[in-house]
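# Notes for the structure review
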Number of protein chains: 2
Amino acid sequence: MVNVAILGFGTVGSGVAEVIHKNGQHISERVSNQIALKYILDIRDFPESIFAGQIVHDFSVIEQDPTVGVVVETIGGATIALDYTRRALMAGKSVVTSNKELVATHGYELMQLAREKNVSYLFEASVGGGIPILKPIRTCLAANELSEITGILNGTTNYILTRMIRAGLSFEEALREAQANGYAERNPAADIEGHDACRKICILASLAFGRQISPDQVPTEGITSITLADVEYAKSAGMKIKLLGRAIRREADGKVCAYVAPHLVPDESPLANVEGVFNAISVVGDAIGDVMFYGQGAGKLPTASAVVGDVMDAAKHMCYLKSNCWEAGGPEVVFSQEEVASAWYARVAGEEPVEGARKLSAAQGEPGESAWLIEGALRPAEVRARLAGREVKNLYRVLG
Amino acid sequence: MVNVAILGFGTVGSGVAEVIHKNGQHISERVSNQIALKYILDIRDFPESIFAGQIVHDFSVIEQDPTVGVVVETIGGATIALDYTRRALMAGKSVVTSNKELVATHGYELMQLAREKNVSYLFEASVGGGIPILKPIRTCLAANELSEITGILNGTTNYILTRMIRAGLSFEEALREAQANGYAERNPAADIEGHDACRKICILASLAFGRQISPDQVPTEGITSITLADVEYAKSAGMKIKLLGRAIRREADGKVCAYVAPHLVPDESPLANVEGVFNAISVVGDAIGDVMFYGQGAGKLPTASAVVGDVMDAAKHMCYLKSNCWEAGGPEVVFSQEEVASAWYARVAGEEPVEGARKLSAAQGEPGESAWLIEGALRPAEVRARLAGREVKNLYRVLG
């Protein structure tokens, strides 16, 4: 018998309770052990819920109950969640979370603590919602030296961009629609400014390359500057605009560059066809070549599916991260995206040609502006030099 | 120290040797154990190879060496490979394989034997080449009740269909090109007649639904009947023709229907955009919704990547299949595809309308024929009744 406590009865927490309740027999058979939901911590009561009897308001009840083996942290943020996670691990309980902010900022410390206590800190649900990605990277792809991870990591922004591309909505219209459909929050900043994608690429980069990469090391640009003109110019070049998180390992010295920014993605790339709230993560390794993982990157039940998968691993003590967590970070781990060359898309004031660039056309283009596809492999300084003296409206990389 | 023996120094076997050799240090660090290649069994000598010193010709050398912990079987087929696999497991060695024929036909028996001997029989590489799929299904998605698996499981046929769709080649021309490029064998029957995809959907269905499904329970149709007219008719309906393996679990009684056949796939489906030699496998679960795994489904190094990932698992005794293998099969496990309803594509002689169907158009259509999209959800007997008296050239399901 493994007793589980859920911290936070919000969207994901209630989804976890639901999945354990609905598929409990099947789950217990799979792990050859009874998995029972003992506590749900929340400040609120839920008298109407079938889980009303499990609700507690005091974390120390869970902390001090030696029969609780696995704590599910779905509080979010890096304050209370950090405190409770530390205390749960200190008390010898495995912790499973969907909290990307906490893992991206304190992952190394918490995994160290888990290792000292010989328990697990698992977070498959923190990236890509229910899409299996972290465990496959660390196990199925473990024979590979990985060189790059590129992903559509945020469903809200991908929904907005899809509606701009498919329905010709403006950014503001598409955002309002996303909010009306529950795909964007009332305060959408964390999504549309790229911070959510940033946390996820930090976790992916840390796991794939073995050292903690922190959000403050990851230049992050969101999608608020993208206009319908950009969407049309991209289309005329056979491409789609996507917000990508990327992490690239440089073979020469093993350093990593991670960043989040809009990119033009050629239509024939599998990433170009990832639409709506779906996420997709492409991983490149020396033996495997290119593999991609695709699915719903958020949502109550998909995310709960990944959390409960980790709970089952923790219950079986098949903890893939126990001996595989990443090491501490530091400034020496990363290199700058200023050193990463690519082709570029530039929308600039004026009509004068840009050297070595192909002019793009769009019905929605503003008069007095022009857009260019600058081919070849240029570093940011080189492309800026090529555009010197021009007012640059938008400058995005082209995925090569 | 874990000693490994490879049986069969062909494409995959030599790839496994190469990956262990190239990434050996990284691999040993990951499993906290030295992984060493001790033997390679082949009937040939390879005096020029860097592995010449490891070549042996007598299986009993491996069988009787107690220091060999993991045997990699890359012989293929279900005769010698079956004998050696049984003997290796009997000798207390874990076995890792890429041999889909053996797993599809004898998987249950071999897993039982492995369980009795407390070793592992692992076969991630048998489906989707290097794409992580079996382990994610059994671990990351383990909290789900799965309901359906649908995949493009054979790169050769997908390459041929892609060239027909993209370049307008006939089936015969595309097959010759695939052979010239090394994507199809000189005797392409196993691929183009669907047998390779059949073995893979058997393995996926067995793993996902928990009972052995054997190739003789899986109706299998290949791509040899597909013409350029079919490709164009599909295009006019906004679809692409793909060879799919499918396995569907019926909720009412838990029975499974698995089959392999060409399908029309709507362009907006992620499966429609899987091109060339790539494979993709879509899995549907009650919590996760739809997830898809994409990558190179064959090839020396991608397949070797999956084999070595399993070797690492066996070396760590993190054997996901130990307690999770499937149970014996039987006629009571399956239901017939005659009971599966769908929309249909029909190409028939004559121009007379088909009831409840939309006529399709194609420049390549033969005079005196017509093609129809029969919408709704019809069982095969119902669609055949609707086409009674007509000469049916091709009849394919539409993926719903």
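Along every chain, residues carry numbers that run from 1 in the direction the sequence is written. As a convention, the first chain written is A and the first ligand written is 1, with the rest following in written order. Given that the model is predicted, a residue must reach a pLDDT of at least 70 before its local features are reported, and side-chain atom pairs must reach 80 or more before they are shown or counted; all residues, however, enter totals for whole chains, interfaces and linings. With hydrogens and water excluded, all non-hydrogen atoms of the structure serve as input to the side-chain values.

### So, unusual backbone geometry
Just so we agree on the cut-off: For the purposes of this entry, the term helix denotes a DSSP run of H or I that reaches at least four residues, the term strand denotes a run of E that reaches at least two, and both are numbered from the N terminus.
Of note, Asn 118 of chain A is a non-glycine position whose phi angle comes to about 60°, a positive value. Residue placement: Asn 118 of chain A occurs in the loop between helix H5 (100–116) and strand E6 (121–122).

### Some remarks on the relation of the copies chain A and chain B
Between the two copies of the chain lies a rotation about an axis combined with a shift along it. Convention followed: The fit set for superposing copies consists of C-alpha atoms from residues with pLDDT of at least 70 in both; the fit itself is least squares. Throughout, a contact is declared for two residues whenever any of their heavy atoms are within 4.5 Å.
Once turned by 180° and shifted 0.0 Å along the axis, chain A lies on chain B with an RMSD of 0.0 Å. Taken together, the rotation angle and the small translation identify this as a two-fold axis. Looking at the rotation axis and the C-alpha trace of chain A, the residue lying nearest is Phe 293 of chain A, at 2.4 Å. In this assembly the copies share their binding face: 100% of the residues contributing to the interface of chain A also contribute to that of chain B.

### A look at the packing of helix H5 (residues 100–116) of chain B against helix H10 (residues 195–209) of chain B
Residue and element names in this part refer to chain B. Basically, it comes down to this: Structural elements are reduced to axes, namely lines fitted to C-alpha atoms, with helices fitted over the stretch in contact, and the angle between N-to-C directions of any two is expressed from 0 to 180 degrees. Throughout this description, any angle smaller than 35 degrees is read as roughly parallel, any larger than 145 degrees as roughly antiparallel, any in the 65 to 115 degree range as roughly perpendicular, and the remainder as oblique. Note on convention: near helix rotated counterclockwise from far helix by under a right angle means a left-handed crossing. Clockwise means right-handed. Polarity classes work like this: nonpolar for Ala, Val, Leu, Ile, Met, Phe, Trp, Tyr, Cys and Pro, charged for Asp, Glu, Lys and Arg, and polar for all others, with Gly in that last group.
At their nearest, the axes of H5 and H10 sit 9 Å apart, and the two run at 50° to each other. Between H5 and H10, the angle is such that the two are oblique. For the crossing formed where H5 meets H10, the hand is left-handed. Each of Lys 100, Glu 101, Val 103 and Ala 104 in H5 lies in contact with H10, whose residues at this interface are Asp 196, Arg 199, Lys 200, Cys 202 and Ile 203. Residues of the contact of H5 with H10, tallied by class, amount to four nonpolar, no polar and five charged.

### Side note on the interface of chain A and chain B
This is how the line gets drawn: Reported buried area values correspond to the accessible surface (1.4 Å probe) lost by two parts on association, with both partners' losses combined. By definition here, a salt bridge exists when the distance from a side-chain nitrogen of Lys or Arg to a carboxyl oxygen of Asp or Glu is within 4 Å. Being paired, for any two strands, means DSSP has found at least two bridges between them.
In this assembly, 46 residues from chain A lie in contact with 46 residues from chain B. Summing both partners gives a buried area of about 4,000 Å² for chain A against chain B, and 55% of it is carried by carbon and sulfur. Put simply, chain A and chain B have two salt bridges between them. We note a salt bridge from Asp 286 of chain A to Lys 22 of chain B, for which the minimum N-O separation is 2.6 Å. Of all the elements in the fold, those that place two or more residues in the side of chain A that touches chain B are helix H1 (11–22), helix H2 (24–31), helix H6 (134–138), strand E11 (289–296) and helix H12 (300–316) of chain A. Where E11 of chain A and strand E11 (residues 289–296) of chain B come together, three bridges link them in antiparallel fashion. Considered in E11 of chain B, the bridge of Phe 293 of chain A is made with Phe 293 of chain B.

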